[in-house]
Amino acid sequence: MLHLLQLLDVPEILNMNVFLSRKLKTKELTLYFSILFFALISFNASAQDGKALFKQNCASCHQPAKDGTGPALKGAKAKWEANGDDIYAWIKNPQAQYDNGVKSALAIQYMPGGMAGINISNEEADAIFEYVDTWEPPVKIDDGPKDLVEGGTESNNTWLMWLIIGGILSMLIVAFWGVRKQLYYALKEKEDGEEVEEEDQETVGKEIKGWAGRNMKLVSVLGFILTCVVVYYGAEELYKVGVIPEGYNPEQPIEFNHSIHAGTNEIDCQYCHNSASKSKHAGIPTVNVCMNCHKGIEEGPSGEKGTKEIAKIHAAAGYDLDKRAYTGKTEPIKWVKVHNMPDHVYFNHSQHVTVGGIECENCHGDVKTYGTGKVSGTETINNLKLEGKKIIKLTKPLMTMGWCIECHNTADVQTTDNKYYDDIHERLKSDKELYKSVMEDGKVKVKEFGGWECSKCHY
Amino acid sequence: MSKVKTYWKGIEEREQSASFIESTKNEFPQDLPAQEFLADEQLAESSTNRRDFLKFMGFSVAAATLAACESPVVKAIPYVNKPEDITPGVANWYSSTYWDGNDYGSILVKTREGRPIFIKGNKSFGINNGATTPRMVGSVLSLYNGARLQMPMAANKKATWSTVDNSIKKALAEVVAKGGKVRVMTNTTLSPSTDAILNEFVGSLAGADAKVVTYDPISFSGITKANQESFGKAVVPTYNFDKAKVIVSIAADFLTNWLLSTDYVTGYVANRKPENAWMSKHFQYESVMTTTGSNADVRVPIKPSEEGLVAAALYKHITGGSVPGVSVPQEIMDKTKMAAQELKANKGAALVVGGSNCSGTQTVINAVNNALSSYGSTIDMGNPTNLAKGNDAEVETLVKEVEAGQVDALFIYGVNPCYTLPNGDKFAAGLKKLPLSVSFSQYADETSTHCKFITPDNHYLESWNDFAPTASHYAVAQPAIRPLYDTAQAQESFLVWSGKASRAGKNSRVMYDYIKSRFTGDWNLVVHNGSVTYPSSSLGDASGAGVSPFSGNLGTAGSHIAKKAKTAGDFEVIMYQKNGIGDGQQAANPWLQELPDPITKVTWDNYITMSRKDCEANGYNIKYGEKSPATVAKIEVNGKSLELPVFMLPGQKQGTVGIALGYGRGGNQENIGDSAYQTQEYGTHITDENGNKQLIGGNAFSLTQFVNGELMFSGVAKLENLNREYPIACTQTHHTFMGRTSIVRETSFGVFKAGDKSNFNPAHQLSTHEKGRTVKKDIQEFDLWDSHPVENVGHRWGMSIDLNSCIGCGSCIVACHTENNVPVVGKDEIRRGRDMHWLRLDRYFSSEEDEVRAKALANHTKEFSYAKLEVAEDNPSVVHIPMMCQHCNHAPCETVCPVAATTHSNEGLNQMTYNRCIGTRYCANNCPYKVRRFNWFNYPTNSRFENFNPSQFDMGRMVLNPDVTVRSRGVMEKCSMCVQQIQSGKLEAKKESRTITDGEIQTACASSCPTDAITFGDLNDKTSNENKGSKIRQESEGVRAYHILEEVGTQPNIYYQVKVRNTNEA
């Protein structure tokens, strides 16, 4: 990213210089330009850039100070130079150097000949070496995702809590009120010396009844409104029973961070969830997929926490970091599901991802900002602004049937370039009336294709 | 029309017995037990009053609501190392081969996340052309039988492989040192590698008297012996049913249970299509009505002792000469006359087969076939099968040796002699005393519990194996799952004890390497395809016939037959195999136990089949229902007796009774699976005073006997009526059609070939009055509702069932069970009429009522009398009709559902939505086809099903199809036309951007049908098959296509094809 931006910046600087140069003589101009050019190049390929180049070209196998898939790079250049060998030639074509019997090449006991040639300039190589030679382990700061909630409980049950507190308070008020009344009559009895008949005693209930009787209209209107509100919200809440609420983010065995993987490192969703395009399940990444990268990457970007979590992957995979070998003792990772589909619903990821072309974000939200997997909400998704991605805006709560069929009534079937739909289209043409009604807008909604039929999802 | 046919499922229906009429009035025969509950005296005394009740209820509702508010924590556990070829949620298919000593076939195994969940025939490769039997389809459940042994056993105690191996090797060394007797008792392995391994094992015991003895519990050694005598080759030849224009079967159930039935059935059905120029004619002579007999054009009931006489009669008719020593009664000569004429007329395209294990009868059959020039045409001796290697005489010797304790080491592989031998108890007593006895059984069963060691074999779905069913065919069985338990393949054990291999646990490649090293050719291809067929030129005898001239000794044969024919007694008994249970290896498989027998429609039981006249003469109940039980009889054969209920079977030869083999497993309470024992009301096992569980039926193998070194499956029986009632779960009176007659349509080949559709498949018309005149209109023109727009739009899924091809075997029912998670409900629930089969096979008997009646009906005269008629039950003809949801375009069920839980899709499917159903059952009441099923219980959890419902077993749950909902209590269910397959088929096409190819999507029933009687496809597909339209579209437009109950106007998407019999009637 950084590297790209700088490249973009270059012409601007040049332009400015051109503007300045109009006042200068050609000779001076040439000199100025050449200095500027070299300065720019050296500036470009200096330490700042070394990091990016390292990440881009080397980091999948090498680490600055630790052996990974390949050996640590710190001090490598010095070692080669001490032997009088050409490290640049090695980078560009390791096998040749190895075959030629170059001393430093032979000295590498680490997967001899395992590295493929990397096409970078000597300057870029220098920048990388400068970066790794000056690299120091980062200061450890513990800054893992903080919005974690204890495993498997609901996080937004506050309304229920307030309801209970309110209930208790109103009960207390009524109770105190009653006690006050009792005391009042007890006092009155003592003062007046005559007993007040129980029937004559004003109780709380009687008082409220009396008040209600006097304000019949108000009470009936209020009662009606209250009933409506209770029924409406009650029904609304009941509809969501069994639907996991927005923000549900249980504690997971590994504090996986989506924002680092999908966000910072821009790993495609389907690299890890690779069955989403092929199967009904998107698939939780299997440990061997994690190990594709984490064989080499064993430290978090900023702190001990990440390193600790990555160690859990190594433990699950049975990977011995010291020996850089698999022990064969594996331990599956037991993730907590955040989305749960009832048994009587059939949902197929590949239908939506591959055939329908629905963006992952349309159901899962902006995963690039997440820590561990969590549930997004309809509103949150509607407010997402994603470049070049079309989000279908919906209103019903996420993962309810209403939400499913709302989308089936909104989304268009992606019929272009699909011979299956071409065939169906040909058949539809024979029924002119139906053809007209369906194809009026030139588009076919999922519903028009039977997307609201029970047996499309329930069998 | 000179003859009127009546169709009936059972005599309960034919004679309209009182209980039958009552039961037909109720779609759901059981009332709710409200009366019982209210009549409970304690109820009146209980202190709960109405107010309390309301309080409890209010609290429960509140508590339930609150409890439901919490989201459950569900764990998801991905693979650590995902196998490369597995994608969670996507099925993998593996080709393999099934062989259990009885059934053979190339199969395809469907696995999900590594679990085998479905088996179907391999329609592309293999000699069975995709044909299966119910046992093959159901065998996937046997993999998950919780009673399987999980480790080797020594003296019935858990042991480890190393100790067992060491002990066996040591004991073997001792036997070798003293030159003792070692015997390996196996079934016919069919496997060249296994045979080689056994030979290596025997060879490694130099010094000892070691030998392999092949024992086939269902013996065919009569055939091999006869062929040895007749042609010098002790083999079972290849029978080419596809070349036979006339087939005469003398008690051979060759469509489902006889030798390579999966091979024969496809050849047979190929010539039963009336659209062909000719249609084969099939005569069947038998005692008990079998599946094959029910499909015959002419079926003649005979006694078992007459089998030889029928063969001799045929010989006499055809050659003119008689079999020496046999005098054929005139009655039999008459009965065989027509068959003989047909055979003679089709010389060279005729085939006579016999089910008898008597070598004499088989020799005469050989002589008949020889006279008909069948060898080289319908019978191929040049390409013999490797079946039936068993030699009864050798087995009898071995049994005697074991009983006398003369064997030092006995290895028992693939057979269960203590159960299947005539004198299993005596054998068991001898077996116990042997110094070394090893069983490879997967269970601690009747035999293995008496062995010193059990070294459990892998299940066949966990094993590598190879097979050579015929000389020109080679097949490979590959595992579809890693061994579930610490078991080892028997072949590996033999190699280990021969010192030629070492144990490698679950990752063992011993058998794989062995087979691969012996195979020459493209190994990957043969594993992928499952089999390879070599050209006939590769056979040693390229002449094709490969037969030395017939040299059978008819004299000896005649004396055999004459001896057998002399049998005298009240009854003759024949032991036969049923399609579900077969020889009893899968007796603990609840799917197969619950499969109604194709003919009797009885589930979960073994019984004595008897003719109506015999039943009535001896006072046995002949009408069965929920409240009308069967009567128990005691049958005595060869001094051994069984107590079994008597079942009146139409078509049974008078004076004979039949008993199915394979029942009465677990005689000494062995743990072979809970489903193998009898359950009662509320699902508990029936136990005696000692706590012993009651068996299902009795072991009919104990009634067999060795006669002259031949295992006989028939004999003379004495019956005694015990006058004891016994509840019987028979589905023949369930789901009747209320006397409607437009169900079966059948005709004769002659009428069909004449081509006038109105004679055999007339359109149903209704009379209307228009402008003062009566006008007849086709039923399609009457609509109560608006039509669903299904024509031309998108897909319209439909099915066509050819009644000519359907043999009624029942594979489809088991396949449907497997694919759709249909619950097993057990005997008691079935007895109450609550079977859950989405697909059932209606078996209609039909009897011709003579011209007298036809005339009487036409003239309304009274000269007609029932008394003058033949007894309909003597020999009725049979029609098998697979019946499932008809997916009506005008579905009566859809209009009555109050909650719209059953609706119509624009693809023509009648959809059932479980989550919307509230269980009013209106739909089932309104369904004219009676195909809707109600979940009376939560079958996967209710304790009354814990002894047999596979979903209640930890391992049994593994077989559930993850794409289909497991239904809960209180909802309706019915055939969905495997909508999960339709949906996934469409999705595959969409993903690959292509149209759906015809035949690509298959329902479970269609894919398992051995005869391709069921065609499934898209009725709207006009472009497939070079613009001729999909196969289903062509069939739906054919002259034979009709709808069942067409007059109701339901307009189903399921078509039936008129049955055409090759009878002489014009």
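Residues numbered from 1 in each chain as written. Chains lettered and ligands numbered in written order. Predicted model: local features only at pLDDT ≥ 70, side-chain atom pairs only at ≥ 80, totals over all residues. Heavy atoms only, no water.

1. Observations concerning the sheet that holds strand β42 (residues 1054-1057) of chain B
Item 1. Sheet architecture is open: 4 strands sit in the order β40-β33-β42-β41 (chain B), paired in mixed fashion. Two strands lie at the open edges of the sheet, namely β40 (1014-1018) and β41 (1041-1042) of chain B, each paired on one side alone. (Pairing = 2+ DSSP bridges. Helix = DSSP H or I, 4+ residues; strand = E, 2+ residues; numbered from the N terminus.)

2. Here's the deal with the interface of chain B and chain A
Item 1. Listed as interface residues are 53 residues of chain B and, on the opposing side, 60 residues of chain A.
Item 2. For the interface between chain B and chain A, the tally reads 3 salt bridges.
Item 3. Across the salt bridge formed by B:D963 and A:K280, the nearest N and O atoms sit 2.8 Å from each other.
Item 4. Here chain B and chain A share 22 residue pairs in polar contact (both at pLDDT 80 or more) between them.
Item 5. Broken down by element, the residue count for the side of chain B that touches chain A peaks at 8 residues, all from helix α31 (residues 979-991) of chain B.
Item 6. Looking at the side of chain B that touches chain A residue by residue, the class counts come to 20 nonpolar, 21 polar and 12 charged.
Item 7. Where strand β3 (residues 335-336) of chain A meets strand β2 (residues 75-76) of chain B, 2 bridges bridge the pair, whose relative direction is antiparallel. Within the sheet, the bridge partner assigned to A:V336 lies in β2(B) and is B:K75. (Contact = heavy atoms within 4.5 Å. Salt bridge = Lys/Arg side-chain N within 4 Å of Asp/Glu carboxyl O. Polar contact = N/O pair within 3.5 Å; in protein donor to acceptor, adjacent residues only side chain to side chain. Nonpolar A, V, L, I, M, F, W, Y, C, P; charged D, E, K, R; others polar.)

3. Re the packing of aromatic side chains
Residues and elements named next belong to chain B.
Item 1. Applying the stated rule across the entire model yields 46 aromatic pairs over all chains.
Item 2. With centroids separated by 5.7 Å and ring planes inclined at 10 degrees, the aromatic side chains of W797 and F1016 adopt a geometry described as stacked. Of this pair, W797 sits in strand β33 (residues 797-802) while F1016 sits in strand β40, and the two are 219 residues apart along the sequence.
Item 3. A residue is classified by how much of its surface remains accessible, and W797, at 2% relative accessible area, is buried.
Item 4. In this structure, R834 packs its charged tip against the face of W936, placed 4.3 Å from the ring centre.
Item 5. The lysine or arginine in question, R921, covers the ring of F934, its NZ or CZ lying 5.0 Å from the ring centre. (Phe/Tyr/Trp six-rings, centres within 6.5 Å; stacked < 30°, edge-to-face > 60°. Buried < 20%, exposed > 50% of the residue type's maximum accessible area, 1.4 Å probe, protein only. Lys NZ or Arg CZ within 6 Å of the ring centre and 35° of its normal.)

4. A word on a nonpolar patch on the surface
Residue and element names in this part refer to chain A.
Item 1. On the surface, a cluster of nonpolar side chains totalling about 1100 Å² of accessible area is made up of W159, M161, W162, L163, I164, I165, I168, L169, L172 and F176.
Item 2. Counting through the fold element by element, I164 comes out in helix α9 (residues 158-192).
Item 3. Its relative accessible area of 48% is what places I164 among the partly exposed residues. (Patch = residues over 30% accessible without salt bridge, like charges linked within 9 Å, V, L, I, M, F, W, Y side chains within 5 Å. Areas by Shrake-Rupley, 256 points an atom, 1.4 Å probe, with all protein chains shown as cover.)

5. Side note on the sheet that holds strand β21 (residues 531-533) of chain B
All names here are of chain B.
Item 1. With antiparallel pairing, 3 strands are arranged side by side in an open sheet as β19-β20-β21. The sheet is open, and its two borders are formed by β19 (465-467) and β21, each paired with just one other strand. Within this sheet the neighbouring strands show an average axis-to-axis angle of 10 degrees, counted without direction.
Item 2. Judged from the 3 bridges that link them, strand β20 (residues 473-477) and β21 form a sheet pairing that is antiparallel. If you follow Y474 over to β21, its bridge partner there is V532. (Axes fitted to C-alpha atoms, helices over the stretch in contact; angles between N-to-C directions.)

6. Some details on helix α8 (residues 122-133) of chain A
Item 1. When the terminal C-alpha atoms of α8(A) are compared, their 16 Å separation across 12 residues agrees well with the 16 Å that a helix rising 1.5 Å per residue should span.
Item 2. The complete set of buried residues in α8(A) reads A:A125, A:A127, A:I128, A:F129, A:Y131 and A:V132. (Expected span 1.5 Å × (residues − 1).)

7. Quick word on the pattern of salt bridges
Item 1. All told, the structure shown has 57 salt bridges over all chains when counted by the stated rule.
Item 2. For the salt bridge of B:E446 with B:R665, the shortest nitrogen-to-oxygen distance reads 2.8 Å. One end of the pair, B:E446, is in the loop between β17 (436-439) and β18 (453-454); the other, B:R665, is in the loop between β26 (656-660) and β27 (705-707), and 219 residues separate them in sequence. Of the two residues examined, B:E446 and B:R665, each falls in the buried class.
Item 3. A single salt-bridge network, built from bridges that share partners, covers A:K280, B:R112, B:E113, B:R115 and B:D963.

8. Looking at the packing of helix α7 (residues 161-177) of chain B against helix α18 (residues 490-497) of chain B
The description of two helices packed together rests on the angle between their axes and the distance between the axes.
All names here are of chain B.
Item 1. Close contact between α7 and α18 brings their axes to 10 Å; oriented N to C, the two are set at 55 degrees. Here α7 lies oblique to α18, going by the angle between them. Viewed along their axes, α7 and α18 form a crossing whose handedness is right-handed. Of the residues in α18, those in contact with W161, D165, I168, K169 and L172 of α7 are S493, V496 and W497.
Item 2. Partitioning the contact of α7 with α18 into residue classes produces 5 nonpolar, 1 polar and 2 charged. (Parallel < 35°, antiparallel > 145°, perpendicular 65-115°, else oblique. Left-handed = near helix turned anticlockwise from the far one by under 90°.)

9. Looking at the pairing of strand β15 (residues 379-385) of chain B
Residue and element names in this part refer to chain B.
Item 1. Judged by how many residues are buried, β15 sits mostly within the fold: 7 of 7 residues are covered.
Item 2. The sheet contact formed by strand β10 (residues 236-239) and β15 spans 3 bridges and is antiparallel. Residue pairing in the sheet places T238 in a bridge with D380 of β15.

10. Topic: the pairing of strand β32 (residues 773-778) of chain B
Residues and elements named next belong to chain B.
Item 1. Taken across its 6 residues, β32 has 0 buried, putting it largely on the surface.
Item 2. Sheet topology places strand β31 (residues 765-770) next to β32; 6 bridges connect them, and they run antiparallel. Residue pairing for β32: T768 is matched across the bridge by V775.
Item 3. Hairpin connection of β31 to β32: 2 residues between the antiparallel strands, including K771 at a positive phi of 50 degrees.

11. A word on the packing of helix α12 (residues 307-319) of chain B against helix α13 (residues 330-345) of chain B
Residue and element names in this part refer to chain B.
Item 1. Their axes nearest at 9 Å, the elements α12 and α13 cross at an angle of 55 degrees. Judged on the interaxial angle alone, α13 and α12 are oblique. Crossing geometry of α12 relative to α13 is assigned as right-handed. When α12 is examined against α13, the residues L309, V310, A313, L314, K316, H317 and I318 are found in contact with a partner set consisting of I332, M333, T336, K337, A339, A340, L343 and K344.

12. What about the confidence of the model for chain A?
All names here are of chain A.
Item 1. Of all residues in chain A, 81% attain a pLDDT of 70 or more, and the chain-wide mean is 79.
Item 2. Mean pLDDT across the secondary structure elements of chain A bottoms out at helix α1 (residues 2-21), with 39, and peaks at helix α16 (residues 349-355), with 93.
Item 3. Segment residues 1-26: pLDDT under 50, and 15 contacts once partners within four positions in sequence are set aside and those in other chains are kept.
Item 4. The low-confidence segment residues 140-155, where pLDDT is below 50, has 36 contacts with residues more than four positions distant or belonging to other chains. (pLDDT = per-residue confidence, 0-100.)

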